[in-house]
Amino acid sequence: MVAIPILAAVGASTGWATGIVLAQAPARRLGAFEFTRIQLVACAAIVSLLCSVLGLWPSVTWDHWPAFVASTVVGIFLGNLAMIECLRLGGPRRTELLLSFKGPLVALMAFVWLGERVSVMDMVGALVVLASVMVTIQFGGDDRSESDRLRGSLWRVVLLGLVATACQGLGFLLMKPAMLAGTDPLAASSVRLLGAAFLISCVALWPARVFRSDAEMTPALLGRVVLPGVIGYVVSSSLLLYAFAHFHAGLAAVFGSLSPVLVLPILWLKDGRPPKPAAVLGAIGAIVGAGIVVLF
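Numbers given for residues are sequential positions, taken from 1 along each chain in its written order. Local features are withheld for residues below a pLDDT of 70 in this predicted model, meaning they are given only at 70 or higher, and side-chain atom pairs are given and counted only at 80 or more; totals for whole chains, interfaces and linings count all residues. Based on all heavy atoms of the structure, the side-chain values leave hydrogens and waters out of the count.

What follows deals with the overall build of the protein chain. Secondary structure elements are defined from DSSP: runs of H or I of at least 4 residues count as helices, runs of E of at least 2 residues count as strands, and each element is numbered from the N terminus. Helix and strand counts for the protein chain come out as 12 helices and 0 strands. Each helix (α) and strand (β) of the protein chain, taken in turn from the N terminus, gives the series α-α-α-α-α-α-α-α-α-α-α-α. Accessibility here uses a 1.4 Å probe with only protein chains present; expressed as a share of the type maximum, an area under 20% marks a residue as buried, one over 50% as exposed, and anything in between as partly exposed. Looking at the 296 residues of the protein chain, the share that counts as buried comes to 53%. Excluding contacts between residues fewer than 6 apart, the proportion of contacts in the protein chain whose partners are at least 24 apart in sequence is 91%. In short, Shrake-Rupley with a 1.4 Å probe defines the accessible areas, and a residue's cover is counted only from the protein chains shown. Within the structure as shown, the protein chain displays about 13,100 Å² of accessible surface, and the carbon and sulfur contribution to it stands at 74%. It only takes one pair of heavy atoms within 4.5 Å for two residues to be counted as in contact.

Mapping Thr-61 onto the fold places it in the loop between helix 2 (32–54) and helix 3 (65–99). Nitrogen and oxygen atoms within 3.5 Å of one another constitute a polar contact, given that in protein one can donate a hydrogen and the other can accept it, and given that sequence-neighbouring residues count only through two side-chain atoms. There is a polar contact of 2.8 Å between the side chain of Thr-61 and the side chain of Thr-183. Setting aside residues up to four positions removed in sequence, Thr-61 forms contacts with Phe-68, Ala-178, Ala-181 and Thr-183.

Moving on, we come to the packing of aromatic side chains. Only Phe, Tyr and Trp rings are paired, with Trp represented by its six-membered ring, and only when their centres lie within 6.5 Å; those with planes under 30 degrees apart are stacked, over 60 edge-to-face, the remainder tilted. Overall, the coordinates contain 3 aromatic pairs when judged by the stated rule. Taking the centre distance of 6.1 Å and the plane angle of 70° together, the rings of Trp-16 and Phe-172 count as edge-to-face. With a gap of 156 residues between them, Trp-16 in helix 1 (residues 3–30) and Phe-172 in helix 6 (residues 154–174) connect regions that are remote in the sequence. You'll find Trp-16 and Phe-172 in the same group, each marked buried. Measuring from centroid to centroid gives 5.7 Å for Phe-172 and Phe-244, while their planes differ by 35°, and the two rings are tilted. Linking Phe-172 in helix 6 with Phe-244 in helix 9 (residues 219–246), this pair joins segments that are 72 residues apart in sequence.

Among the secondary structure elements, Ala-70 is positioned in helix 3. Each C-alpha atom, one on Ala-70 and one on Gly-171, is 7.2 Å from the other, the two residues being 101 residues apart in sequence. When residues no more than four places from it in sequence are discounted, the contact partners of Ala-70 are Gly-75 and Leu-174.

All right, on to the side chain of Asn-80 then. With respect to the helices, strands and loops of the structure, Asn-80 is situated in helix 3. Among all residues touching Asn-80, those that are not within four sequence positions of it are Thr-36, Gly-75, Gln-168 and Tyr-233.

Bringing the nonpolar core into the picture now. For this analysis, a nonpolar core means a set of buried residues of the types Ala, Val, Leu, Ile, Met, Phe, Trp, Tyr and Cys, connected via side-chain atoms within 4.5 Å. Counting residues in each nonpolar core, the largest one holds 53 residues, and the members touching the most others are Leu-40, Phe-68, Met-175, Leu-193, Leu-240, Phe-244 and Phe-255. Those residues in contact with Phe-68, other than ones at most four positions away along the chain, are Val-60, Thr-61, Met-175, Ala-178, Thr-183, Ala-188 and Val-191. Counting residues in each nonpolar core, the second largest holds 25 residues, with Ala-23, Val-157, Val-225 and Leu-264 among its members.

Residue count minus one, scaled by 1.5 Å, sets the expected span of a helix. Relative to the 28 Å expected for 20 residues at 1.5 Å per residue, helix 8 (residues 185–204) spans 28 Å between its end C-alpha atoms, a close match to the ideal helical length. Capping of helix 8 at its N-terminal end is provided by Asp-184; its side-chain oxygen lies 2.9 Å from the backbone amide nitrogen of Leu-186.

The next point concerns helix 1. Taking 1.5 Å per residue, 28 residues should reach 40 Å; helix 1 reaches 39 Å between its end C-alpha atoms and fits that length. At Gln-24, helix 1 is bent by approximately 40°, the largest bend along its length, and proline Pro-26 sits one to four residues beyond. Phi turns positive, to about 95°, at Gly-31, one or two residues after helix 1. A residue's bend is the angle separating two fitted axes: one through the seven residues that end there, the other through the seven that start there.

Once that is clear, we can look at the pattern of salt bridges. Salt bridges are identified by distance alone: a Lys or Arg side-chain nitrogen within 4 Å of an Asp or Glu carboxyl oxygen. If you walk through the whole model with that rule in mind, you get 3 salt bridges. We note a salt bridge from Arg-37 to Glu-34, for which the minimum N-O separation is 2.8 Å. Residue Arg-37 and its partner Glu-34 are located together in helix 2, separated by 3 residues, close to a single helical turn. What makes Glu-34 buried here is its relative accessible area of 15%. The salt bridge partner of Arg-156 is Glu-85, with a shortest N-O separation of 3.6 Å.

Attention shifts here to the packing of helix 8 against helix 9. Every angle, taken between N-to-C directions, lies between 0 and 180 degrees, and every axis is a line fitted to C-alpha atoms, over only the stretch in contact when it is a helix. One way to put it is that helix 8 packs onto helix 9 with a least axis distance of 8 Å and a crossing angle of 120°. It follows from the interaxial angle that helix 8 and helix 9 lie oblique. Every pair of crossing elements has a handedness; the one defined by helix 8 and helix 9 is right-handed. Here Pro-185, Leu-186, Ala-188, Ser-189 and Leu-193 of helix 8 come into contact with helix 9, specifically with Tyr-233, Val-234, Ser-237, Ser-238, Leu-241 and Tyr-242. For this classification, the nonpolar set comprises Ala, Val, Leu, Ile, Met, Phe, Trp, Tyr, Cys and Pro, the charged set comprises Asp, Glu, Lys and Arg, and every other residue, Gly included, is treated as polar. Residue classes in the contact of helix 8 with helix 9 are distributed as 8 nonpolar, 3 polar and no charged. Angle categories are assigned with fixed cut-offs, so that under 35 degrees is roughly parallel, over 145 is roughly antiparallel, 65 to 115 is roughly perpendicular, and the rest are oblique. With the far helix as reference, a near helix turned anticlockwise by less than a right angle produces a left-handed crossing, and one turned clockwise produces a right-handed crossing.

Closest axis-to-axis distance for the helix 1/helix 11 (residues 259–271) pair is 8 Å, and the angle between their directions is 40°. Considering their axes alone, helix 1 and helix 11 lie oblique with respect to each other. Relative to helix 11, helix 1 is oriented so that their crossing is right-handed. Across the interface between the two elements, Val-10, Ser-13, Thr-14, Trp-16, Ala-17, Thr-18, Ile-20 and Val-21 from helix 1 touch Ser-259, Leu-262, Val-263, Ile-266, Leu-267 and Lys-270 from helix 11. For the contact of helix 1 with helix 11, the class distribution of residues is 9 nonpolar, 4 polar and 1 charged.

Nonpolar side chains (Val, Leu, Ile, Met, Phe, Trp, Tyr) within 5 Å and like charges within 9 Å form the patches, drawn only from residues with over 30% relative accessible area and no salt bridge. A grouping of Ile-46, Leu-49, Leu-50, Val-53 and Leu-54 is seen on the molecular surface, where their side chains present a nonpolar patch of about 480 Å² in accessible area. On the secondary structure map, Leu-50 appears in helix 2.

See below:
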């Protein structure tokens, strides 16, 4: 049933929208590398425990181990480091604007690599969703907000965002054959997280200043780092992997990119400023686009 993968992708967007707002302050305090390292190690432990309790490990198709390795290094390690640094410098709205290009990038990669094709109406619906997302972010933000303030070069923010988008999209796409072979989405997330946690822990042994943080770690700060990680790495990633396995990869990526629309009401609650009319228009357009894909 088409609606279930779409709902899974939208659920992933909701999780990322919440997580990216929660992550901004602790990420700026700790720095991209230390923030990502703590998140990966903690979330790998949590999701691995869940897989052990639920008995999901036998579902992993180890014949696809090269895809697991590539997806871990590219999608999680490189992609999330770039995304967190983009978030630190550019804020949630600009980061989500750049991440919204994941849909067309994944659709192109799926066409070239997997030979996936979509119907004309599906393409129309996806373009309506993507256009609505971009209108929402471009014209629906508030530069007076602390969350929206630009820190550093705009070109650096754009480059980091596009690198994160390409890496994350490719990381999810690489997992599709393993998912089609029967790997449970939560087990797939666990394998990827364990690999990324091991990799970043090895890199952290290098005594370079860039891998260190001057911020004092407290239980409260640790919780603020781990919570968005659980929402993003465990819940949202598993939902999007399910959507990728049971739906066209490019369309799943489009619906998994709705977080820019969803992040605005969350920022409204956080900063106390209502979204602009353009944001409301963008949200309506995204719903219309989703309806076109589901109904036609």
